[in-house]
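# Inside the fold
Given next are the chains, with one letter for each unit.
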Amino acid sequence: MKDGVRELAAQFKAFLQSREEDELTPVGSARRERACTDANASETKQDHLTIEFARAARKNIPPAEETEKPMPQNPRPPQITGNEPAEETEKPMPQAPVSYTTVQEKQAALDEIAAEIGACQRCPLGQTRLHAVPGEGNPAAQLMFIGEGPGFDEDHSGRPFVGRAGQLLDKMIAAMGLKREQVFIGNIAKCHPMVNPANPEARGNDRAPNAGEIAVCRKYIERQIAVISPKYIVALGGVAAKALISDTKSLGALRGKFHLLHLDTVQLQTPVKILATYHPAALLRNPNWKKDAWADLQMVMAEMGLKRPHA
Ligand code: URA
């Protein structure tokens, strides 16, 4: 009898050892089948032993906590070093809008901005300009025209769009049934960007303002827009359009529709719609673009309820 028990114990030990293999291989599962068949052939006592061996085997299973993987530790919270990138720590909140009740108040605010521009040395263009060109026109204009930056004639006079491109702009404004004095004309950059800054007296020395010049100067045009609070802006050329619409798409992709203006440094009191069109200097070089520019201006006229004056 004792021998029978010992034999059974050995059989079940073998059976329990084979369980691990069962999980992994069909061979193991075949072995279990065999062990089970042998066990079934045993007497009632053997069934009882089966249960006891199973309990014993279970007791040897290490506790769950030992087998579980440790929980990952929380990552250390970021330490503030003071060397974080500037854009994360220095992005200014746009200034709240100011209400101006009279045209005189708006003019006074624009004069103040013009005085700041006249003294500005925030970029190297301040060193080489002959005159700063803040912009001019109706302080309560419904419509603003904004170009990229002063050229030779503007640098010499201190007034925006007075050269050949300016004369064409005057014609465009007149074709809309407006006078120059009714609108406000300005630029993104307020000082003359030159190819060769050592020679401000040379013609053909103009260039578009670069990204850095636009970035330091944009607060001035934004403040001017906020004071004037126009309903519409016409951006003249790709440089002005991309800077104001804050979109890197080509002028071709931006023109032909109104965009809602968002400013970086000031909040607007009322929504401003902006439309991009060709720069008058580009129209002088490519007169076949004039019909598209005229179509753009007609969109503004339709919104403003303007009629083309009789010739
Ligand atoms: N081109 C511009 O963009 N602005 C001017 O004032 C003159 C020419």
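Placed above this text is the structure.
To start, this report covers the structure provided alongside it. Quick caveat, the model's predicted, so the values are computed rather than measured. (Residues numbered from 1 in each chain as written. Predicted model: local features only at pLDDT ≥ 70, side-chain atom pairs only at ≥ 80, totals over all residues. Heavy atoms only, no water.)

For the rest of this paragraph, the subject is the site of the ligand. Around the ligand sit G147, E148, G149, E154, P160, F161, N187 and H279, and that is every residue in its neighbourhood. Residue H279 places a side-chain N or O atom 2.9 Å away from an oxygen atom belonging to the ligand. Look at the ligand: alone it shows 230 Å² of surface, and the protein chains cover 91% of it. Among the residues making up the shell around the ligand, the classes are represented as two nonpolar, four polar and two charged. (Near = heavy atom within 4 Å. Polar contact = N/O pair within 3.5 Å; in protein donor to acceptor, adjacent residues only side chain to side chain. Areas by Shrake-Rupley, 256 points an atom, 1.4 Å probe, with all protein chains shown as cover. Nonpolar A, V, L, I, M, F, W, Y, C, P; charged D, E, K, R; others polar.)

The strand order 1-3-2-4-6-5 describes an open sheet built from six strands, whose pairing is mixed. Every interior strand has two partners, whereas the edge strands, strand 1 (136-137) and strand 5 (258-260), have only one. In this structure, strand 2 (residues 143-147) lies alongside strand 3 (residues 184-187), joined through four bridges in parallel fashion. Note on strand 3: the bridge partner recorded for F145 is I185. This element, helix 14 (residues 290-304), spans strand 2, strand 4 (232-236), strand 5 and strand 6 (273-277) of the sheet and lies at about 160 degrees to strand 6. (Pairing = 2+ DSSP bridges. Helix = DSSP H or I, 4+ residues; strand = E, 2+ residues; numbered from the N terminus. Contact = heavy atoms within 4.5 Å. Axes fitted to C-alpha atoms, helices over the stretch in contact; angles between N-to-C directions.)

Applying the stated criterion across every chain, the model contains two aromatic pairs. Judged by centre distance (6.0 Å) and plane angle (55 degrees), the rings of Y232 and F258 are tilted. In this pair, Y232 sits in strand 4 while F258 sits in strand 5, placing the two residues 26 residues apart along the sequence. On the accessibility criterion, F258 (22% relative accessible area) is partly exposed. Each ring, one from Y278 and one from W289, has its centre 4.8 Å from the other, and the planes form 20 degrees; the classification is stacked. Of this pair, Y278 sits in the loop between strand 6 and helix 13 (280-285) while W289 is found in the loop between helix 13 and helix 14, placing the two residues eleven residues apart along the sequence. Its relative accessible area of 12% is what places Y278 among the buried residues. Over the face of the ring belonging to F258 we find K273, whose NZ or CZ atom lies 5.6 Å from the ring centre. (Phe/Tyr/Trp six-rings, centres within 6.5 Å; stacked < 30°, edge-to-face > 60°. Buried < 20%, exposed > 50% of the residue type's maximum accessible area, 1.4 Å probe, protein only. Lys NZ or Arg CZ within 6 Å of the ring centre and 35° of its normal.)

So yeah, pure geometry; function would need other evidence.
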